[in-house]
Amino acid sequence: AEHYLDNQFPNEDWKTAISRVFSDRICPNDENLGNQIVKDLHRTGYTGLDLGSNYDNQIVLKRVLLAYARWNQSVGYCQGFNVIASLILHVTVGDEIAAFKIMVHLVDGVLPENYFANNLQALSVDMAVFRDLLRARLPQLSKHLDGLQKEANEHSSSYEPPLTNVFTMQWFLTLFATCLPTETVLRIWDCIMLDGNEILMRVALAIWAKLGEKVGEAQSADEFYCTMSEMMQSAVIGKLVLADEIIRLAYRITSFPFPHLSQLREKYTFNITPFAAENSDDRSADENQEGVTQNTSEIANFDDSPFFCFPGLTSPIPLSPSNTKMKSVKQQSLEQLPNRLKLTESQRHSPHNSMMSERMSTNIAALKHQYMTIRRRQ
Amino acid sequence: DMGVGKSCLLHQFTEKKFMADCPHTIGVEFGTRIIEVSGQKIKLQIWDTAGQERFRAVTRSYYRGAAGALMVYDITRRSTYNHLSSWLTDARNLTNPNTVKFSINKYTITGEQYRVMKEIPAVIWSHMVPVQVVAELTVSTVGNTGTSPVPLESSTRTAGVLSLEDILSLGKTDNSSDSGEEDVIFLIGNKGDLDAQRDVTYEEAKQFADENG
């Protein structure tokens, strides 16, 4: 965190900044912020750590949350920060300045921008991106869930949002702190800090892979939610998934960086408009594809996207099936699946989109190589 | 709005237990309970949404297709009452358009009460459970036939078994005589135990409910 802060803000005098954000003097926005934070202090508790119950801990927690909100006013306080900050404070053994720095590093540096602000836009994007990744990596489970969603929509006038959303939203927002035991969460956080926010996607995929079999038995959306709520209760006390197993799986899924992740995020950032009620971010996968055609042109204009810089390099790289032996159909192993994103139904129908997917399958390593060659020539 | 006691109400309803320091909701949570209405078993699926303004965009999709909604405010914080109309707009825009609303103000015990009580020595506190609260219940239904108030006896209840199901079953019973397909929105003025700090009167809340059907 120190390293990040020094690099990112070389001109910041940290002593002054720290005393500013931790100042006892009341700032203009403090009342509103303070009210919101105080509302959540006593209800921060979750299994494993009970910081919420201790009055002294609550005061320190409040100071850290207020300090962050003063530091980054565009983000302020977001529900869920209390969970993150209390776990950080647990690690720093109550050192509020260290906790503040880690918080800044994590929220401003490691996690995508707008994860906690601006209507949580980036979180909505990641929820949509995750559904795509799930479709590609665990197609059976994804198909089953889509089926349940569709059925629920047909059966009544009601509308069922994508089934994974409830969970991914919470997992990503608290970085798994509310769904896994503390020791596991801390190991995951180490990974996030070391290897970036794509660990969120990897761990979430690994969890779904573990849940897959049981979830596959659910015959309706309602049954799915009930099963999930039971399973998540045992997950939080460590009875469902083992830390070693989850982390190993998360790293084995695919190479780093996660292929196509940044492209998918970009795509959905343009596609999602959480502000308009009609264009809810939770449109079904098929609907989501409708906007793609028009958006690809937008994305294609992006100069900094390495992906479109070399239009000549669009031939798909042959897949390297590292492990060909199949375990069981149910226990779909994530790493056995091709590195290439599967096309969704509507993408197949649209020539434009299929071309885009072809491009997506371009190996980043090849691009890097090409880039280096060009630079050498220059 | 945040901290009005939505999750606490849900927890009471599904677990039949009062939960002190009920953790706040991150995003959305799911609750379910089977109730019996006129001999028929009905499974209720309840979505509990996060109250903070910024979550609205991500929780909205869970309104769609709802058969009913509970709008909760905190009687001790006027701001939560003032925001009702914007929540109502969302609820109206995203649910069934031909909506009938029931309005109910109900007093319950929530985390706030517990916080206040925690300052009382533990011995006394333990003797105070279950806390007796008087629930004021007035139901007014507005349908095609106009207003038909259903007076309910004031009853003494204990914390933790405050029966939200009474409200819901009332809604269901009355609704079944109508077309039965309409959505219902309830208004709940929460934290009635903190009457001394009351910021929103029962009458004005009732007026709000009546004005909005």
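Numbering of residues starts from 1 in each chain and follows the order in which that chain's sequence is written. Starting at A for chains and at 1 for ligands, labels are handed out in the order in which the entities are written. Local features in a predicted model are, by the rule used here, given only for residues with pLDDT of at least 70; side-chain atom pairs are given and counted only at 80 or more, and totals for whole chains, interfaces and linings are based on all residues. In computing side-chain values, all of the structure's heavy atoms are included and hydrogens and water are not.

An unreviewed UniProt entry annotates chain B as Ras-related protein Rab-14 of Ciona savignyi. Reading the Sequence similarities (unreviewed entry) entry of the UniProt record for chain B gives the comment "Belongs to the small GTPase superfamily. Rab family." UniProt positions are given in the numbering used here, feature names are shortened, and annotations may be inferred rather than shown by experiment.

By the naming in an unreviewed UniProt entry, chain A is Rab-GAP TBC domain-containing protein, taken from Ciona savignyi.

Caption draft 1: Representation of the overall build of chain B in the model. Under the DSSP-based scheme used, a helix requires at least four consecutive residues in state H or I and a strand at least two consecutive residues in state E, with every element numbered from the N terminus. Looking only at helices and strands, chain B has 8 helices and 9 strands in total. Evaluated residue by residue, chain B yields a buried proportion of 51% over its 213 residues. Restricting the contact set of chain B to residue pairs at least 6 apart, pairs at least 24 apart contribute 73%. Approximately 9700 Å² of chain B is accessible, and the part contributed by carbon and sulfur atoms is 51%. The buried label goes to any residue with under 20% of its type's maximum accessible area, the exposed label to any with over 50%, and the partly exposed label to all in between, with areas taken from a 1.4 Å probe on protein chains only. Between two residues, a contact is recorded if the distance between any of their heavy atoms is within 4.5 Å. In short, Shrake-Rupley with a 1.4 Å probe defines the accessible areas, and a residue's cover is counted only from the protein chains shown.

Caption draft 2: Spotlight on the packing of helix H7 (residues 121-137) of chain A against helix H9 (residues 165-173) of chain A. All names here are of chain A. With axes taken as lines fitted to C-alpha atoms, and helix axes fitted only over the stretch in contact, angles between N-to-C directions fall between 0 and 180 degrees. Between H7 and H9, the shortest axis-to-axis distance is 10 Å and the interhelical angle comes to 125°. Here H7 lies oblique to H9, going by the angle between them. In this structure, H7 meets H9 at a crossing whose hand is right-handed. The residues of H9 that touch H7, namely those facing Leu123, Asp126, Met127, Phe130 and Arg131, are Asn165, Thr168, Met169, Phe172 and Leu173. Of the residues belonging to the contact of H7 with H9, the class tally is 6 nonpolar, 2 polar and 2 charged. Angle categories: roughly parallel below 35 degrees, roughly antiparallel above 145, roughly perpendicular from 65 to 115, and oblique for all the rest. Note on convention: near helix rotated counterclockwise from far helix by under a right angle means a left-handed crossing. Clockwise means right-handed. Residues are grouped as follows: nonpolar covers Ala, Val, Leu, Ile, Met, Phe, Trp, Tyr, Cys and Pro; charged covers Asp, Glu, Lys and Arg; every other residue, Gly included, is treated as polar.

Caption draft 3: Spatial organisation of the packing of helix H4 (residues 55-71) of chain A against helix H5 (residues 81-91) of chain A. Residue and element names in this part refer to chain A. Across the interface, H4 lies against H5 with an axial gap of 10 Å and an inter-helix angle of 120°. Read as a crossing pair, H4 and H5 show a hand that is right-handed. Contact residues: H4 offers Val60, Leu61, Val64, Leu65 and Tyr68, while H5 offers Phe81, Asn82, Ala85, Ser86 and Leu89. Residue composition of the contact of H4 with H5, by class: 8 nonpolar, 2 polar and no charged.

Caption draft 4: Layout of the interface of chain B and chain A. Contacts between chain B and chain A engage 33 residues on the former and 40 residues on the latter. By convention, the term buried area covers the 1.4 Å-probe accessible surface removed from two parts as they join, with the contributions of both added. In this assembly, chain B packs against chain A so that about 3200 Å² is buried in total across both faces, 57% of it on carbon and sulfur atoms. Broken down residue by residue, the surface that chain B buries against chain A is led by B:His24, B:Ile26 and B:Arg54, which jointly contribute 22%. Each salt bridge in this description consists of a side-chain nitrogen of Lys or Arg and a carboxyl oxygen of Asp or Glu lying within 4 Å of one another. At the boundary of chain B with chain A, the tally comes to 1 salt bridge. A salt bridge links A:Asp222 to B:Lys43; the shortest N-O distance between them is 2.7 Å. Polar contacts here mean pairs of N or O atoms no more than 3.5 Å apart (in protein, one a potential hydrogen donor and the other a potential acceptor; neighbouring residues in sequence count only if both atoms are side-chain atoms). On the surface where chain B and chain A come into contact, there are 10 residue pairs in polar contact (both at pLDDT 80 or more). Secondary-structure elements contributing two or more residues to the side of chain B that touches chain A are strand S1 (28-37), strand S2 (40-49) and helix H2 (56-59) of chain B.

Caption draft 5: Molecular detail of the state of the cysteines. The disulfide definition used here is simple: a pair of cysteine sulfur atoms within 2.5 Å. All chains considered together, the criterion is met by 0 disulfides over all chains. Here A:Cys179 is not disulfide-linked; the sulfur of A:Cys191 is the nearest cysteine sulfur, at 14 Å. According to the relative accessible area criterion, A:Cys179 is buried, its value standing at 3%. Free cysteine: B:Cys22, not disulfide-bonded; nearest cysteine sulfur from B:Cys8 at 5.1 Å. For B:Cys22, a relative accessible area of 12% translates into the label buried.

Caption draft 6: Main features of the nonpolar core. By size, the foremost hydrophobic cluster in this structure holds 109 residues, and its most contacted members are A:Phe81, A:Phe116, A:Trp171, A:Phe172, A:Phe176, A:Trp208 and A:Phe224. Domain start and stop points were drawn from an automatic or database domain assignment. Composition of this core by domain shows at least three residues from each of domain 1 (1-110) and domain 2 (121-270) of chain A. Dropping the residues within four chain positions of it, A:Phe172 is found in contact with A:Tyr115, A:Leu123, A:Asp126, A:Phe130, A:Leu200, A:Met201 and A:Ala204. In plain words, nonpolar cores are sets of buried Ala, Val, Leu, Ile, Met, Phe, Trp, Tyr and Cys residues tied together by side-chain atoms within 4.5 Å. Within the second largest apolar cluster, 16 residues are counted, among which are B:Trp87, B:Leu88, B:Leu94 and B:Ala209.

Caption draft 7: Inspection of helix H4 (residues 84-94) of chain B at higher detail. Buried residues of H4(B): B:Leu84, B:Trp87, B:Leu88, B:Asp90, B:Ala91 and B:Leu94, and no others. For H4(B), the buried positions fall inside an angular range of 160° around the axis, keeping them on one side. This arc is taken over the directions from the axis of the helix to the C-beta atoms.

Caption draft 8: The arrangement of the side chain of A:Arg135 in detail. Residue and element names in this part refer to chain A. Mapped onto the elements of the fold, arginine 135 is located in helix H7. Among the residues examined, arginine 135 registers a relative accessible area of 15% and is labelled buried. A distance of 3.0 Å separates a polar atom in the side chain of arginine 135 from a polar atom in the side chain of aspartate 132.

Caption draft 9: Representation of the pattern of salt bridges within the structure. Residue and element names in this part refer to chain A. Summed over all chains, the structure comprises 19 salt bridges over all chains. The shortest N-O distance in the salt bridge between arginine 63 and aspartate 24 comes to 3.5 Å. Of the two residues, arginine 63 is situated in helix H4 and aspartate 24 in the loop between helix H2 (14-21) and helix H3 (30-41); the sequence distance between them amounts to 39 residues. Overall, arginine 63 belongs to the partly exposed group, its relative accessible area being 28%. The exposed category is assigned to aspartate 24, whose relative accessible area is 69%. Of the charged contacts in the structure, one is a salt bridge between arginine 43 and aspartate 40, with a shortest N-O distance of 2.9 Å. Looking at aspartate 40, the relative accessible area reads 0%, which means it is buried. By sharing partners, the salt bridges in this structure join Asp132, Arg135, Asp146 and Lys267 into a single network.

Caption draft 10: Broad picture of unusual backbone geometry. All names here are of chain A. The omega torsion of the bond from phenylalanine 256 to proline 257 falls at -10°, within 30 degrees of zero and hence cis. With respect to the helices and strands, proline 257 occurs in the loop between helix H13 (243-252) and helix H14 (261-271). The residue leucine 120 is not glycine, and still its phi comes out positive at about 55°. Within the secondary structure, leucine 120 sits in the loop between helix H6 (96-110) and H7. We note that leucine 175 has phi near 50°; this positive angle belongs to a residue other than glycine. Mapped onto the fold, leucine 175 is located in the loop between H9 and helix H10 (182-195).

Caption draft 11: Up close: the confidence of the model for chain A. Residue and element names in this part refer to chain A. Per-residue confidence from the predictor is reported as pLDDT, a score between 0 and 100. Averaged over every residue, the pLDDT of chain A is 77; residues scoring 70 or more account for 71%. Counting interchain partners and residues more than four positions distant, the pLDDT-below-50 stretch residues 273-331 has 99 contacts. A low-confidence stretch, residues 336-362 (pLDDT under 50), is modelled with 64 contacts involving residues beyond four sequence positions or located in other chains.

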